[in-house]
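This is what each chain is made of:
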Amino acid sequence: MLRLRRVPRPFVWRQCGIGIIVVLFAAQSFCATARRAEAGSAYQHAVIRIQEKISSGHLEAARAALRSAFLQFPNDGGLENLLGVVEIQEGHTNAAKRAFSKAIEESPGLTGAYLNLGRILMASASSNSRTRQEAARLYRDVLRQHPDNEDANFEYAIVLMWNQQYRASLSHLARLPENAHANVRVEALTCADQAGLGNMPAAKHAAARMTANASLREQDVMLALPALRAAHRADLIADLLSAANRRSPLSAKGLRLLGLAQEAEGNLNNAHATLTRVYEMDSSWAAPLVDLARIALAQKKYREALGYLAHARALEPQNASLAYEFGLVCVKLGLLDETIKAMGNAVKLAPDN
């Protein structure tokens, strides 16, 4: 009996207690795992539902579903990214930028948010150096995590081309998979980089691939245009724009560029016909009239040039340079009174010139 009383009961209970704790902890772990699985399933269901609403164009319904999801999953980068998609599809660019930026802040590994924000920035990056720097930083962030990301490599290559870093641009194009090099925009960027480096045989080869590509469109040519202009390759610009025009009619701006390239190549009759079509497409635009006047002057058709300039002055009566050019043509025609009037008008419009 005494020996039984001397059994260390606290030890027995401690053992039992530990056993109970282990059982309870296991049960709690199982419940927590189940809750996480349930939450994960609910999150996936919410995301799929939102994506379906966006894909079907039901943006208000997608926005309502996002509000509900944010209540359950606040501060979630994936949901912010989807909100950005809704905003951009509704034309709310600044709101979309805020949403994508917040998505990156909340989920730094969410590649899609970086690329979505990058696409917004790229719309104005060609002419805005600060925006270009911001886009470049985004793509570098993606490439640090995913060096072979196709979209990031291509978009960063465009930024580098705009910065005239042609070799670096080509190095990122080299990271693209082999089949990507048949893409007409990759061909256009290759053409621009090679022209920028002065490698004209390679640039001509890339341009030939572009003209043979059935998917060539005006915007693809525009990607290569700055470098081709800087390299004074009006011949390649004319070939590319002509090929794009055969596949899909050029805009008035694209057609004017074609006419200017033809003029630069000395094909004045073709340039005249092309620029006449530009004016027919937009009769409120003075620029093609000035172009036509310049071509007429080159062909010594002074009265024709005077007519174009008179029409351009009617469209832009406050443009001093048009009055001045009109006066110069009047001199060639011996129209002294008209010359004095036009020059007087030019001085009145621009007294400090």
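Note that this is a predicted model, so its numbers are computed, not measured. (Residues numbered from 1 in each chain as written. Predicted model: local features only at pLDDT ≥ 70, side-chain atom pairs only at ≥ 80, totals over all residues. Heavy atoms only, no water.)

## Here's the deal with the overall build of the protein
The test is simple: Here a strand is any run of E in DSSP of at least two residues, a helix any run of H or I of at least four, and the numbering for each starts at the N terminus. Any two residues having at least one pair of non-hydrogen atoms within 4.5 Å are treated as being in contact. Using a 1.4 Å probe, accessible areas were evaluated by the Shrake-Rupley method; residue-level cover was limited to the displayed protein chains.
Scanning the protein from N- to C-terminus turns up 19 helices and zero strands. Sequence-distant contacts, at least 24 apart, represent 50% of the contacts inside the protein between residues at least 6 apart. Only carbon and sulfur atoms are counted for the fraction: they give 54% of the accessible area of the protein, which is about 19900 Å².

## Topic: the pattern of salt bridges
Selection criterion: A pairing counts as a salt bridge when a side-chain nitrogen of Lys or Arg comes within 4 Å of a carboxyl oxygen of Asp or Glu. Partly exposed residues are those whose accessible area sits between 20% and 50% of the maximum for their type, while under 20% is buried and over 50% is exposed, using a 1.4 Å probe and protein chains only.
Applying the stated criterion across every chain yields a total of twelve salt bridges. When the shortest N-O distance is used, the salt bridge between Arg63 and Glu90 registers 2.5 Å. Highlighted residues: Arg63 in helix α3 (residues 59–72) and Glu90 in the loop between α4 (77–89) and α5 (93–106), separated in sequence by 27 residues. Classification of Arg63 by relative accessible area gives buried; the value is 17%. We note a salt bridge from Arg119 to Asp151, for which the minimum N-O separation is 3.5 Å.

## Observations regarding the packing of aromatic side chains
What counts, and what does not: Between 30 and 60 degrees the pair is tilted, below 30 it is stacked and above 60 it is edge-to-face, where a pair is any two Phe, Tyr or Trp rings, Trp via its six-membered ring, whose centres lie within 6.5 Å. Comment: the charge-over-ring label is applied if NZ (Lys) or CZ (Arg) is within 6 Å of the ring centre and within 35 degrees of the ring normal.
Within the structure shown, the criterion is met by one aromatic pair. On the basis of an interplanar angle of 85° and a centroid distance of 5.2 Å, the ring pair of Tyr43 and Phe73 is categorised as edge-to-face. With Tyr43 in helix α2 (residues 9–55) and Phe73 in the loop between α3 and α4, the pair connects residues that are 30 residues apart, well separated along the chain. The partly exposed category is assigned to Tyr43, whose relative accessible area is 23%. The ring of Phe326 carries the charged tip of Arg313 above its face, separated from the ring centre by 4.9 Å.

## Remarks on the packing of α4 against helix α6 (residues 111–125)
Here is the rule we go by: Structural elements are reduced to axes, namely lines fitted to C-alpha atoms, with helices fitted over the stretch in contact, and the angle between N-to-C directions of any two is expressed from 0 to 180 degrees. Between 65 and 115 degrees an angle is taken as roughly perpendicular, under 35 as roughly parallel, over 145 as roughly antiparallel, and anywhere else as oblique. Take the far helix as the reference: if the near one is turned anticlockwise from it by less than a right angle, the crossing is left-handed, and if turned clockwise, right-handed. Three categories are distinguished: nonpolar for Ala, Val, Leu, Ile, Met, Phe, Trp, Tyr, Cys and Pro, charged for Asp, Glu, Lys and Arg, and polar for the others, with Gly belonging to the last.
Across the interface, α4 lies against α6 with an axial gap of 10 Å and an inter-helix angle of 25°. Classified by the interaxial angle, the pair formed by α4 and α6 is roughly parallel. α6 is crossed by α4, and the crossing has left-handed handedness. Between α4, through Asn81, Val85 and Ile88, and α6, the contact on the second element is made entirely by Gly112, Ala113, Asn116 and Ile120. In terms of residue class, the contact of α4 with α6 is made up of four nonpolar, three polar and no charged.

## Some words on the confidence of the model for the protein
Cut-off, in case you're wondering: For every residue, the predictor states its confidence as a pLDDT score lying anywhere from 0 to 100.
For the protein, the average pLDDT comes to 89, and 89% of its residues sit at 70 or higher. Of the regions scoring below 50 in pLDDT, residues 1–37 engages in one contact with residues more than four places distant in sequence or in other chains.

## Examining the nonpolar core
Applicable threshold: Only buried residues count toward a nonpolar core, which is a set of Ala, Val, Leu, Ile, Met, Phe, Trp, Tyr and Cys residues joined through side-chain atoms within 4.5 Å.
Ranked by size, the top nonpolar core spans 100 residues in total, and within it Ile50, Ile54, Leu66, Leu79, Phe154, Leu189 and Leu228 carry the most contacts. Aside from chain neighbours lying at most four places away, what touches Phe154 is Leu173, Leu176, Arg185, Val186, Leu189 and Leu223.

## Details of α3
In an α-helix, one turn spans 3.6 residues; hence positions three or four apart end up facing the same way. Our working rule: Here, expected helix span is obtained from the residue count minus one, scaled by 1.5 Å. This arc describes the spread of directions from the helix axis toward the C-beta atoms.
In this model α3 runs 20 Å from its N-terminal to its C-terminal C-alpha over 14 residues, within 8% of the 20 Å that 1.5 Å per residue would give. Those residues of α3 that fall on the buried side of the exposure criterion are Leu59, Ala62, Arg63, Ala65, Leu66, Ala69 and Phe70. Taken end-on, α3 shows its buried residues confined to a sector of 165°, consistent with a single buried face. In α3, the exposed positions angled more than 90 degrees off the buried face are occupied by Glu60, Arg67, Leu71 and Gln72.

## A few points about the side chain of Glu87
With respect to the helices, strands and loops of the structure, Glu87 is situated in helix α4. We classify Glu87 as buried; its relative accessible area is 10%. Non-local contacts of Glu87, meaning those with residues more than four positions away in its chain, are made with Arg63, His92, Ala95 and Ala96.

## Considerations on unusual backbone geometry
Leaving glycine out, the prevailing phi sign among residues is negative, and the prevailing peptide bond configuration is trans. Despite not being glycine, Asn75 shows a phi value in the positive range, around 55°. Residue position: Asn75 is located in the loop between α3 and α4. A positive phi is found at His232, a non-glycine position, where the angle reads about 60°. Residue placement: His232 occurs in the loop between α12 (218–230) and α13 (234–247). Taking relative accessible area as the criterion, His232 reaches 71% and is therefore assigned exposed.

## Quick notes on the side chain of Asn213
For Asn213, the location among the structural elements is in the loop between α11 (200–212) and α12. For Asn213, a relative accessible area of 13% puts it in the buried group. Asn213 has contacts with Ala182, Asn183, Val184, Glu187 and Arg247, leaving out every residue within four places of it along the chain.

## Here's the deal with the packing of helix α8 (residues 150–162) against helix α10 (residues 184–197)
For the pair α8 and α10, the least separation of the axes is 11 Å and the interaxial angle reads 30°. Regarding the angle of α8 to α10, the classification is roughly parallel. In the packing of α8 onto α10, the handedness of the crossing is left-handed. When α8 is examined against α10, the residues Phe154, Ala157, Ile158 and Met161 are found in contact with a partner set consisting of Arg185, Val186, Leu189, Ala192 and Asp193.

## Details of the environment of Leu292
In this fold, Leu292 is placed in helix α16 (residues 287–298). Look at Leu292 and you get buried, because its relative accessible area is 2%. Apart from residues no more than four positions distant in its own chain, Leu292 is found in contact with His272, Leu275, Thr276 and Tyr308.

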